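Summary of the model geometry
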Amino acid sequence: MLGNLTGVHLLIILGIVVLLFGATKLPALAKGLGQSLNIFRSEIHAGDNKKSADQASTPVAHDGTVPSHE
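Right, let's walk through the structure included here. Only a predicted model underlies this, so the values are computations on that prediction, with no experimental measurement involved. (Residues numbered from 1 in each chain as written. Predicted model: local features only at pLDDT ≥ 70, side-chain atom pairs only at ≥ 80, totals over all residues. Heavy atoms only, no water.)

We now examine the overall build of the protein chain. On a plain count of helices and strands, the protein chain comes out with two helices and zero strands. Here the protein chain holds 70 residues, and the buried ones make up 0% of them. Here the protein chain displays about 6,400 Å² of accessible surface, and carbon together with sulfur accounts for 66% of that area. (Helix = DSSP H or I, 4+ residues; strand = E, 2+ residues; numbered from the N terminus. Buried < 20%, exposed > 50% of the residue type's maximum accessible area, 1.4 Å probe, protein only. Areas by Shrake-Rupley, 256 points an atom, 1.4 Å probe, with all protein chains shown as cover.)

Here it is, written out as structure tokens:
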């Protein structure tokens with residue numbers, strides 16, 4: 001669906017965005033989007049670190065199974 005977008009289509013979409021939001025608000029929108037992406041990436045990175053730390057602390061028996069805590 002999105003593979004059929006060409007440069008002309010993207011320019012039309014950009015023109016519509018400028019008309020809707022105005023040229024003065026676009027830098028603020030871009031800054032907010034960038035900050036949101038940075039927060040999202042840092043949360044994903046923190047989740048990966050937590051997952052790897054949990055896996056490292058899980059004891060594994062010699063036969064490859066995880067012992068039960070009963």
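Now for helix 1 (residues 7-21). With 15 residues, helix 1 extends 21 Å from end C-alpha to end C-alpha; this agrees with the ideal 21 Å at 1.5 Å per step. One or two positions beyond helix 1, positive phi appears at Gly 22, with a value near 85°. (Expected span 1.5 Å × (residues − 1).)

With that settled, consider a nonpolar patch on the surface. Where nonpolar side chains cluster on the molecular surface, the patch consists of Val 8, Ile 12, Ile 16, Leu 20, Phe 21 and Leu 29 and spans about 600 Å² of accessible area. No other element matches the five residues that helix 1 contributes to the nonpolar patch. Note that Ile 16 resides in helix 1. Residue classification places Ile 16 among the partly exposed residues on the basis of a relative accessible area of 45%. (Patch = residues over 30% accessible without salt bridge, like charges linked within 9 Å, V, L, I, M, F, W, Y side chains within 5 Å. Salt bridge = Lys/Arg side-chain N within 4 Å of Asp/Glu carboxyl O.)

On to the environment of Val 18. As for its placement among the helices and strands, Val 18 is situated in helix 1. Judged by its relative accessible area of 32%, Val 18 is partly exposed. Among residues more than four places away in sequence, those in contact with Val 18 are Ala 23 and Leu 26. (Contact = heavy atoms within 4.5 Å.)

Following the sequence through the fold, Ser 42 ends up in helix 2 (residues 26-57). Side-chain polar atoms of Ser 42 contact the backbone oxygen of Ile 39, separated by 2.8 Å. (Polar contact = N/O pair within 3.5 Å; in protein donor to acceptor, adjacent residues only side chain to side chain.)

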